[in-house]
Amino acid sequence: MHSVRITLLAGLALLAIAIVLTLSQSPVSVAGTNKVPNNEASIGSTTRSATYCQAHEAIPGGVSAIRLWLDAAAGPRVSVVVSAGGRVITRGSRGSAWIGGSVTIPVKPPPQTVSSATVCASFQLLDETVVVQGSAAPATLAVSQNGAPLNGRMRIEYLHPGANSWLSLALQVARRMGLGRAAAGTWITLVALALLAAVTVLASRLVLKEIG
Amino acid sequence: MSTSPATRRARAAKRKPTRGRKQSADRQASKLADGPRAAMRAVLRQVPTAAWMCALVALLNAACWSIVTPPFQSPDEPDHFAYVKQLAETSQLPATSSEQFSYEELTVLTGLHNFQVRLQPQTHTIASQAEERALQRLLEQATTDPTPGSPNAGVAASEPPLYYTLEAIPYLIARGDSELARLQLMRLLSALFAGLTALFVFMFVREALPEVRWAWTTAGLAVALIPLLGFMSGSVNPDSMLFAVSAAIFYALAYAFRRGLDRASAVAIGCLTAIGLLTKLNFVGLAPGVLLGLLVLSVRAARASGRSAYRHLALGGGIALSPVVLYAGVNVFSGHPTLGLLSTAIDNAHGSLVAQANYIWQLYLPRLPGTVNDFPGIFTARQFWFDGYVGQYGWLDTPFPAWVDSVALIPAAAIALLCARSLVEHRALLRGRAGEIAVYAAMALGLMLLIGADSFRAFPATDGEYAQARYLLPLLPLLGAILALAARGAGRRLGPAAGTLIVVLFLAHDVFSQLQVVARYYG
């Protein structure tokens, strides 16, 4: 059937364009951290709504996301506000139900670097446990929970789009994909690509034969 | 298209079962008596080429996922691997749910930086030749461990042994190779189950919605391309076999509802239920619905053929429940709780029945006025189930950006609307099949209740312990039916194009899901 053929071709063409556009983007990379070691040590936790604030943070200009070392099994919605000198520099929020040892919150990129800002993260919580991770630090540098200092400083990373596109990194990614395997080698990436191509061809042929 | 042989066949299939059809069923029953081989050949001959092709697409897709997903970076894969290791090397079941795995497995996990990578989305897998050389040294070192098996199998320890017994075959085939080679071969066996899942979804839709032939392919292909199916079936996890067995049961029930319950159907449903119960505990959620199905089918058959139909019910039900009876018997005689770990879980239940019912309701639906809010700030249907289905890979730590989940609502809503339109158009037919629909609903409800009750055991420490979309994939045949109905809902002229669009949409979802996983682990 003519409409099936057109739909399939248009769909595959759009898919190809979307892939190329995606691969022409740059992966996010770490623009800076607050130098707190990444050792996943707990410096506090809560099962109730809380606001955590940490001062003396250097915010690189152009930051597009902030990664906080909070750990949860089904994390709550998190809002971040970055301020300096009584002025909000940037803010952002991330929906609930995130999982893992860190949460990344997209923010509006600030135009320039700020050498000393305060990062505040707030969330509503009833029972779920959220753990703050970082390293021991004196009270003057420590992260505060609802205004009371904890016994350490939370690790924070500042992310921005990297300089290279995914396409230019393709070979590097393919090499990495070949590591940690039964028979290591970049050829593994080619096998994956061949399988995906076979899936696409077989599915398309079946559509034309059975639906068209 | 309206005069094609395909349409004529579909029209013929639409008619009620005739005497000839019944004779054919009788011939099949007699072939079953002739021998399992002849019966198997007869059954396989009934499977259309398109169904095999859907199976092949699902198999290749899952095989691709098995490569894209780094070793041991899928939910509980180290635990499932440990179970197989124990079974293959000692012929014994794991003894404890501790995660202190064997020296060999821990060594490999260390070499892969597994504990640093999992649940830490910012950390990639090993990325340098130096790390690779260190891993290879550890792999060699690991093989020197003389202690066989792994008595600790983490969360897998409580699962029944059938899937792990099958996985012991590739494990033993690659016994002389490294642990990573064994894992890859085991993953490929799981990928086979993805193929079976797609095949049975195709066959289910063919039986349940026989009128429009091309819609079967839409359903089978779309399910074959579901990234969550590929991801789970591309790793070592009994879920992969559970999806296939569940899809087979849906097909067997649809077959029996369309053609009547005979001895062969009752035996097939009973055997599949027994296999399901031996595959993964989650099957317990589907079992009451399956037994209800046998009951409804027997009552119908009894109207035509008298009380002898209830013999089929007894036969199917007896086979279905045999593993439970055997398990309970062994436990009673060995002084353990009657239902083993399940009894312990029931004993450990906390909170009132109302609190539990409220929790389970809210795990899927918006809370009712005047009830306690168990999920503050979380719209469970959207964030746990929909977003989880759209994409949560790895150790559920690899989601899409939030905007993708929002955009995905558009095609999901379009599919829901088209499906609703199709159902409204065929509402008269639906009324005639209320019993069959009630059985499928009971199976879905049973599974959802089981997931909810299990999650409630971990509440309030964890809000939705088992609120993971993969646990609903045993209901894939129903999704297949929804997709087939949605395509048909676009109308006779636009239907095939809508079906094609659905397949392309699922293909795109699959491709971008794999790219997301590649970016997270190797970027």
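Since the model is a prediction, treat every value here as computed from it, not as a measurement. (Residues numbered from 1 in each chain as written. Chains lettered and ligands numbered in written order. Predicted model: local features only at pLDDT ≥ 70, side-chain atom pairs only at ≥ 80, totals over all residues.)

Participant: I would appreciate a short explanation of the overall build of chain A in the present structure.
Facilitator: Secondary structure assignment for chain A yields 3 helices and 15 strands. Computed over C-alpha atoms, the radius of gyration of chain A comes to 23 Å, more than 25% over the 17 Å expected from 2.2 N^0.38 for 212 residues, which places it beyond the range of a compact globule. If one aligns the C-alpha atoms of chain A with their principal axes, the spans along those axes are about 70 × 40 × 35 Å. For chain A, the proportion of its 212 residues judged to be buried stands at 40%. Contacts in chain A between residues far apart in sequence, at least 24 positions, make up 75% of those at least 6 positions apart. (Helix = DSSP H or I, 4+ residues; strand = E, 2+ residues; numbered from the N terminus. Rg over C-alpha atoms; globule rule 2.2 N^0.38 Å. Buried ≥ 20, exposed ≤ 12 C-beta atoms within 10 Å, placed from the backbone. Contact = placed C-beta atoms within 7 Å.)

Participant: Just checking my understanding: could you explain unusual backbone geometry for this structure?
Facilitator: Negative phi characterises most residues that are not glycine, and trans characterises most peptide bonds. Residue Pro460(B) is bonded to the preceding Phe459(B) through a cis peptide linkage, with omega at 10 degrees. Its identity as a non-glycine residue notwithstanding, Ala97(A) has a phi of 70 degrees, on the positive side. Assignment of secondary structure puts Ala97(A) in the loop between strand E7 (87–94) and strand E8 (98–100). Unusually for a residue other than glycine, Leu396(B) sits at a positive phi of about 65 degrees. Turning to its location among the elements, Leu396(B) is positioned in the loop between strand E1 (392–393) and strand E2 (398–399). By the C-beta count within 10 Å, which is 21 here, Leu396(B) ends up buried.

Participant: Hey, could you run me through the sheet that holds strand E12 (residues 144–145) of chain A in this one?
Facilitator: Within a sheet, neighbouring strands are paired by backbone hydrogen bonds and run either parallel or antiparallel to one another. Strand order in this open sheet of 6 strands is E7-E6-E10-E3-E12-E13 (chain A), and the pairing throughout is antiparallel. Edge positions in the sheet fall to E7 and strand E13 (148–149) of chain A, since each of these pairs with one other strand and no more. (Pairing = 2+ DSSP bridges.)

Participant: Any chance you could explain the interface of chain B and chain A here in plain terms?
Facilitator: How big an interface is tends to be expressed through the accessible area that disappears when the partners come together. The interface of chain B with chain A comprises 63 residues on the first partner and 53 residues on the second. Mapped by element, the contributors of at least two residues to the side of chain B that touches chain A are helix H4 (49–68), helix H8 (129–142), helix H10 (179–208), helix H11 (213–224), helix H19 (380–390) and helix H24 (491–522) of chain B. The residue makeup of the side of chain B that touches chain A, split by class, is 42 nonpolar, 16 polar and 5 charged. (Nonpolar A, V, L, I, M, F, W, Y, C, P; charged D, E, K, R; others polar.)

Participant: I keep staring at the pairing of strand E5 (residues 70–75) of chain A and nothing clicks. Help me out?
Facilitator: All names here are of chain A. Burial analysis of E5 places 6 of its 6 residues in the buried class, the great majority of the element. Looking at chain direction, E5 and strand E11 (residues 130–136) are connected through 2 bridges and run antiparallel. Looking at E11, one finds that Asp71 is bridged to Val131. With 2 bridges joining them, E5 and E8 adopt antiparallel strand pairing. What sits directly across from Gly75, in E8, is Trp98.

Participant: Looking at this structure, I do not really get the sheet that holds strand E4 (residues 65–68) of chain A. What am I missing?
Facilitator: Residues and elements named next belong to chain A. In space, the 4 strands of this open sheet follow the order E1-E15-E4-E9, with antiparallel pairing throughout. Here the strands that pair on one side only, and so sit at the sheet edges, are strand E1 (28–33) and strand E9 (103–106). Between one strand axis and the next, the sheet turns by 30 degrees as a mean value, whatever way the strands run. Bridging between E4 and E9 involves 4 bridges; their strand directions are antiparallel. Looking at the pairing, Leu68 lines up with Val103 of E9. (Axes fitted to C-alpha atoms, helices over the stretch in contact; angles between N-to-C directions.)

Participant: Explain the environment of Asn61(B) here, please?
Facilitator: Mapped onto the fold, Asn61(B) is located in helix H4. Once the C-alpha coordinates of Asn61(B) and Asp510(B) are considered, the two residues, 449 residues apart in sequence, prove to be 8.7 Å apart.

Participant: Hey, could you run me through the domain arrangement of chain A in this one?
Facilitator: Domain boundaries in chain A define domain 1 (2–24 + 164–211) and domain 2 (28–161). Taken over C-alpha atoms, the centre of domain 1 of chain A sits 37 Å from the centre of domain 2 of chain A. (Domains from an automatic or database assignment.)

Participant: Looking at this model, I keep getting lost on the packing of helix H14 (residues 263–279) of chain B against helix H16 (residues 309–333) of chain B. Mind explaining?
Facilitator: A pair of packed helices is characterised by two quantities: the angle between their axes and the separation of those axes. All names here are of chain B. Direction vectors running N to C along H14 and H16 enclose 15 degrees, while the axes themselves pass 7 Å from each other. As judged from the angle between their axes, H14 and H16 are roughly parallel. You can see that H14 and H16 cross each other, and the crossing is right-handed. Along its contact with H14, which presents Arg263, Ala266, Val267, Ile269, Gly270, Cys271, Thr273, Ala274, Leu277 and Leu278, the element H16 presents His312, Leu315, Gly316, Gly317, Gly318, Ile319, Ala320, Ser322, Pro323 and Val324. Across the contact of H14 with H16, the residue classes tally to 12 nonpolar, 7 polar and 1 charged. (Parallel < 35°, antiparallel > 145°, perpendicular 65-115°, else oblique. Left-handed = near helix turned anticlockwise from the far one by under 90°.)

Participant: Sorry if this is basic, but what is going on with the confidence of the model for chain B here?
Facilitator: For residues with low pLDDT, the predicted coordinates do not support detailed interpretation. Mean pLDDT over chain B works out to 90, with 91% of the residues at or above the 70 mark. Counting contacts from residues 1–23 of chain B, a segment whose pLDDT is below 50, to residues more than four positions away or on other chains yields 16 contacts. (pLDDT = per-residue confidence, 0-100.)

Participant: Help me understand H10(B), please; the structure alone is not making it clear to me.
Facilitator: Residue pairs three or four apart in sequence face the same way in an α-helix, which turns once every 3.6 residues. The end-to-end C-alpha distance of H10(B) is 43 Å, a good match for the 44 Å that 30 residues give at a rise of 1.5 Å each. Most of H10(B) sits inside the fold, with 27 of its 30 residues counted as buried. (Expected span 1.5 Å × (residues − 1).)

Participant: It is not clear to me how the nonpolar core should be interpreted in this structure. Could you clarify?
Facilitator: A general trend in soluble globular proteins is that nonpolar side chains are found buried together. In this structure, Cys54(B), Val57(B), Ala198(B), Phe202(B), Val205(B) and Ala219(B) are the most contacted members of the largest nonpolar core, which totals 210 residues. Counting residues per element, this core draws most heavily on H10(B), which supplies 18 residues. Formed jointly, this core draws a minimum of three residues from each of two domains, domain 1 (2–24 + 164–211) and domain 2 (28–161) of chain A. (Core = buried A, V, L, I, M, F, W, Y, C linked by C-beta atoms within 7 Å.)

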